[in-house]
Amino acid sequence: MQEVQELLIEEMQDLLHAEHQLVKALPKMAKAAHDPKLQQAFEKHLEETQGHVHRLEQAFELLGTKPKSKVCKGMQGLVEEGQEKITEGKQKEQSIADLGLAGAAQKVEHYEISGYGTARTLAEKIGQSKVAKLLSETLSEEEKTDKLLTQLCAPILDEASQQNPDEKEEAATSHAHKAARGKGA
Ligand SMILES: [Fe+2]
Ligand SMILES: [Fe+2]
């Protein structure tokens, strides 16, 4: 049982570091988003994320230990990829840039869903029901965010897929014109 509790604490230390990174990354994601609803979703999740840090701190207290974080390499990689999407997005259509951002954010949510799911199971197993409840509350906010992002992406994806054929057609037409002019000359 002692070992399970230690593993739970390690898992929570990883999550605390992950959440701290997200408190810094989410404002950048919000700023980079073009779609107002997507922007709002990032801003709302930033507030929730601050609450996730607070819940983890409470959970550490319940386990009789000080909140400590351990470098979360997984989240470092995901945040880096998010940053890449922000940079690359500047050269892209707004809808494509937004889809890239939302995709990066969903990878983050999936990481958190997995981490909180594991931690909750461990807490339940050792009878730490208050800790399990706190972890569960955060888990459900991560799941809701993931679903919300999927919903918000549907119209953006429609827009992006409608845009492309026209642009391709336009590009092809002007290319054909240029080629025709080339031949004539
Ligand atoms: Fe979180
Ligand atoms: Fe999250």
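Quick note: structure is the one above.
Just so it is clear, the structure is predicted and the values come from calculations on it, not from any experiment.

## Considering the coordination of the iron ion (ligand 2)
Every protein donor of the iron ion (ligand 2) is listed here as H45 (NE2), E109 (OE), E109 (OE), E112 (OE) and E142 (OE), and their distances to the metal cover 2.0 to 2.6 Å. Mapped onto the polypeptide sequence, the residues donating to the iron ion (ligand 2) form the spacing pattern H-x63-E-x2-E-x29-E. A gap of 3.4 Å separates the iron ion (ligand 2) and the iron ion (ligand 1), which E112 links by coordinating each metal. On the criterion of sequence distance, the pair formed by H45 in helix α2 (residues 36–62) and E142 in helix α5 (residues 129–184) is long-range, its members being 97 residues apart. This pair shows no difference in class: H45 is buried, exactly as E142 is.

## Focus: the coordination of the iron ion (ligand 1)
Distances from the iron ion (ligand 1) to its protein donors, E19 (OE), E19 (OE), H52 (ND1), E112 (OE) and E142 (OE), fall within 2.1 to 2.4 Å. Every donor residue of the iron ion (ligand 1) comes from the same chain, spaced as E-x32-H-x59-E-x29-E.

## Considerations on α2
With 27 residues, α2 extends 39 Å from end C-alpha to end C-alpha; this agrees with the ideal 39 Å at 1.5 Å per step. For α2, the N-terminal cap is D35; the gap from its side-chain oxygen to the backbone nitrogen of K37 is 3.0 Å. Just downstream of α2, G64 is the residue with a positive phi angle, here 70 degrees.

## Side note on the pattern of salt bridges
When the charged atoms of two side chains with opposite charge come close together, those side chains can pair. One pass over the structure, following the stated rule, counts six salt bridges. In this structure, the salt-bridge partner of E48 is K44, at a minimum N-O distance of 3.6 Å. Within this pair, E48 and its partner K44 are both found in helix α2, separated by four residues, close to a single helical turn. The buried category is assigned to E48, whose relative accessible area is 18%. Salt-bridge contacts for K107 lead to E81; the nearest nitrogen and oxygen are separated by 3.7 Å. Note that K107 is positioned in helix α4 (residues 94–125) and E81 in helix α3 (residues 73–89), a separation of 26 residues in sequence. By relative accessible area, K107 is classed as partly exposed at 48%. Its relative accessible area of 35% is what places E81 among the partly exposed residues. Via salt bridges that share partners, R55, K133, E137 and E141 belong to a single interconnected network.

Scoring rules and cut-offs
- Residues numbered from 1 in each chain as written.
- Chains lettered and ligands numbered in written order.
- Predicted model: local features only at pLDDT ≥ 70, side-chain atom pairs only at ≥ 80, totals over all residues.
- Heavy atoms only, no water.
- Donors = N, O, S within 2.8 Å, 3.2 Å for Na, K, Ca; no water.
- Helix = DSSP H or I, 4+ residues; strand = E, 2+ residues; numbered from the N terminus.
- Buried < 20%, exposed > 50% of the residue type's maximum accessible area, 1.4 Å probe, protein only.
- Expected span 1.5 Å × (residues − 1).
- Polar contact = N/O pair within 3.5 Å; in protein donor to acceptor, adjacent residues only side chain to side chain.
- Salt bridge = Lys/Arg side-chain N within 4 Å of Asp/Glu carboxyl O.

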